[in-house]
Amino acid sequence: MDSASSSLSKGMIDDGNEPHVLAVDDNLIDRKLVEKLLKNSACKVTTAENGLRALELLGLGDDQKNNLKTSGSKVNLIITDYCMPGMTGYDLLKKVKESNVMKEVPVVIMSSENIPTRINKCLEEGAQMFMLKPLKQADVKKLRCQLMA
């Protein structure tokens, strides 16, 4: 854990070159795919297996000991699955947008289901974009362009 946490703290300070993305998905395969695509697009990536863990990493959870803020990190984008147990991507989006510290961070919602009412609900709540899974490299390039704009 020591080597991972030291690389976290030195590697994720926003130097303007590599945006730092928090990828949240309860499905390990989807999470690994998103992580690989983002890394291929020269992004730093931190992953979380659910919304509650994402909130902890963002410093918005109940446990403030192990979060990205204390390790000197700044998240430039949050990409989250919509359908997760415990806390949906929509609930995570609402928590992020309610936070004074995090509300400016763009949130992208992913889903394998193309449900217009769900998409509109997320966009109305402040999501930057809604993307259909599985994500492709072209989707991530589009995201990367938005991140650096």
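What counts as what
Residues numbered from 1 in each chain as written. Predicted model: local features only at pLDDT ≥ 70, side-chain atom pairs only at ≥ 80, totals over all residues. Heavy atoms only, no water. UniProt positions renumbered as here; feature names shortened; annotations may be inferred. Helix = DSSP H or I, 4+ residues; strand = E, 2+ residues; numbered from the N terminus. Contact = heavy atoms within 4.5 Å. Pairing = 2+ DSSP bridges. Right-handed = clockwise from strand over helix to strand, strands pointing away. Buried < 20%, exposed > 50% of the residue type's maximum accessible area, 1.4 Å probe, protein only. Salt bridge = Lys/Arg side-chain N within 4 Å of Asp/Glu carboxyl O.

Digging into the UniProt feature "modified residue: 4-aspartylphosphate" (unreviewed entry) in the protein chain
UniProt marks Asp-81 with the feature "modified residue: 4-aspartylphosphate" (unreviewed entry), using the numbering shown here. With respect to the element layout, Asp-81 can be found in strand β3 (residues 77–81). Excluding anything up to four places from it in sequence, Asp-81 contacts Val-24, Asp-25, Asp-26, Gly-89, Met-110, Ser-111 and Lys-133.

A few points about the pairing of strand β5 (residues 129–132)
Examined bridge by bridge, strand β4 (residues 107–111) and β5 share four bridges and lie parallel to one another. When the sheet's bridge partners are listed, Ser-111 is paired in β5 with Leu-132. Regarding the hand of the β-α-β motif, the stretch spanning β4, helix α5 (residues 116–124) and β5 is right-handed.

Focus on the side chain of Glu-35
In this structure, Glu-35 sits in helix α2 (residues 28–40). Among all residues touching Glu-35, those that are not within four sequence positions of it are Val-45 and Thr-47.

A look at the pairing of strand β2 (residues 44–48)
As paired elements, strand β1 (residues 20–24) and β2 share five bridges and run parallel to each other. Residue pairing across strands places Ala-23 opposite Thr-47, the latter belonging to β2. Crossover β1 to β2 through α2 is right-handed.

A closer look at the environment of His-20
Along the chain, His-20 turns up in strand β1. For His-20, a relative accessible area of 1% corresponds to the buried category. On a C-alpha basis, the gap between His-20 and Asn-76 in space is 5.3 Å, while along the polypeptide they are 56 residues apart.

Notes on the pattern of salt bridges
Where side chains of opposite charge bring their charged atoms close, a pairing between them can arise. Here the structure, examined in full by the defined rule, presents nine salt bridges. The salt bridge partner of Lys-44 is Glu-18, with a shortest N-O separation of 3.2 Å. With Lys-44 in strand β2 and Glu-18 in the loop between α1 (2–11) and β1, the pair connects residues that are 26 residues apart, well separated along the chain. Its relative accessible area of 27% is what places Lys-44 among the partly exposed residues. A relative accessible area of 29% means that Glu-18 is categorised as partly exposed. Between Asp-81 and Lys-133 there is a salt bridge; the shortest N-O distance is 3.1 Å. Linking Asp-81 in strand β3 with Lys-133 in the loop between β5 and α6 (137–148), this pair joins segments that are 52 residues apart in sequence. On the accessibility criterion, Asp-81 (5% relative accessible area) is buried. Each of the salt bridges in this network shares a partner with another, and the network as a whole consists of Asp-25, Asp-30, Asp-81 and Lys-133.

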